[in-house]
Amino acid sequence: RKSGFDAGKVAKRKRRWQAAHDELHKGYRSEAVEARDKNPIDPTWLCATLGEALPGNAIYVDETTTHRGHILRHLRWNGTQNYFRVPSGLGQGLGVALGIKLANAARPVVSLIGDGALLYNPVTQSLGLAKEANLPILIVVFNNRGYRAMKNNQLSYYPDGTGAEHDLFYGAPIDGPDYAELIAPFGGVGWRVEDPVELKSVLQEGLAAVEDGRTAIINVVLGL
């Protein structure tokens, strides 16, 4: 202000970028509406529903790979330190989420994690620590039943290769357990959800469990 900038130009520029922002998010909302009724659940709808079902002070810890774009576009957060990306590699998501919960005991912490990424984590140790140290978190598993990044990379490098020709991608499919059942030995609660109609209420139940001091795992079966 002391330098004498043109406040009119600043206001005009702000209006321009606000309009561009609003138009961008209008498109995102349209995508979410289109994905709403898909069954199994579309990751776009999962991310949009997370923003609706969970409170504005929730902290999201992202250890996904193929669904990161969906999270950045469709999961709404408006405050500072609402979103953390696990910095490198796979297998750190639960530990980072627990550390953030330790530093922010009053705020709900939500681990957004792929089924493949979850299997890289020390699951039993993390769930044990969550119980012993009273660090309840909400774990939302983006379960597409595979290491989709592995398959996508192969298709990217070899679009006409043998894998693409025979739909054969060794190591990519995951015939995993029902991840919601992993929490029972640690005094927590779990849900498996495939119907998009049930998604919001299940997320709210998971949040209620966390607020009651119990870690919750929601195994969301995705169509992509």
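Our subject is the structure that appears above.
Residues numbered from 1 in each chain as written. Predicted model: local features only at pLDDT ≥ 70, side-chain atom pairs only at ≥ 80, totals over all residues. Heavy atoms only, no water.

Tallying secondary structure elements over the protein gives nine helices and six strands in all. Dimensions along the principal axes, computed over C-alpha positions, put the protein at roughly 60 × 50 × 35 Å. Here the protein holds 224 residues, and the buried ones make up 42% of them. Look at the contacts in the protein between residues 6 or more apart in sequence, and 76% of them connect residues 24 or more apart. (Helix = DSSP H or I, 4+ residues; strand = E, 2+ residues; numbered from the N terminus. Buried < 20%, exposed > 50% of the residue type's maximum accessible area, 1.4 Å probe, protein only. Contact = heavy atoms within 4.5 Å.)

Attention now moves to the packing of helix H1 (residues 7-35) against helix H2 (residues 43-53). Running from N to C, H1 and H2 point in directions that differ by 115 degrees, and their axes come no closer than 8 Å. Of the possible angle classes, the one that applies to H1 and H2 is roughly perpendicular. The crossing of H1 and H2 is left-handed. Contacts between H1 and H2 pair Glu-31, Ala-32 and Ala-35 from the former with Thr-44, Trp-45 and Ala-48 from the latter. Each residue belonging to the contact of H1 with H2 can be placed in one class, and the counts come to four nonpolar, one polar and one charged. (Axes fitted to C-alpha atoms, helices over the stretch in contact; angles between N-to-C directions. Parallel < 35°, antiparallel > 145°, perpendicular 65-115°, else oblique. Left-handed = near helix turned anticlockwise from the far one by under 90°. Nonpolar A, V, L, I, M, F, W, Y, C, P; charged D, E, K, R; others polar.)

Our focus in this paragraph is the packing of aromatic side chains. All told, the structure shown has two aromatic pairs when counted by the stated rule. Taking the centre distance of 4.7 Å and the plane angle of 5 degrees together, the rings of Trp-77 and Tyr-83 count as stacked. Ring centres 6.1 Å apart and planes at 90 degrees place the aromatic pair Tyr-120 and Tyr-147 in the edge-to-face group. With Tyr-120 in helix H5 (residues 115-120) and Tyr-147 in the loop between strand S4 (138-143) and helix H7 (148-157), this pair connects stretches of sequence that are 27 residues apart. (Phe/Tyr/Trp six-rings, centres within 6.5 Å; stacked < 30°, edge-to-face > 60°.)

Attention shifts here to the environment of Ala-117. By secondary structure assignment, the location of Ala-117 is in helix H5. A residue is classified by how much of its surface remains accessible, and Ala-117, at 7% relative accessible area, is buried. Sequence separation between Ala-117 and Ser-30 is 87 residues, and the spatial gap between their C-alpha atoms is 29 Å.

One open sheet accounts for six strands, arranged S2-S1-S3-S4-S6-S5; its pairing is parallel. Since the sheet does not close on itself, it has two edges, and those belong to strand S2 (83-85) and strand S5 (189-193), each with one partner. Sheet twist, expressed as the mean angle between neighbouring strand axes with direction ignored, is 15 degrees. The pairing of S5 with strand S6 (residues 216-221) spans five bridges and is classified as parallel. Note that in S6 the partner of Val-193 across the bridge is Val-220. Running at roughly 170 degrees to S5, helix H9 (residues 196-211) makes contact with S4, S5 and S6 of the sheet. (Pairing = 2+ DSSP bridges.)

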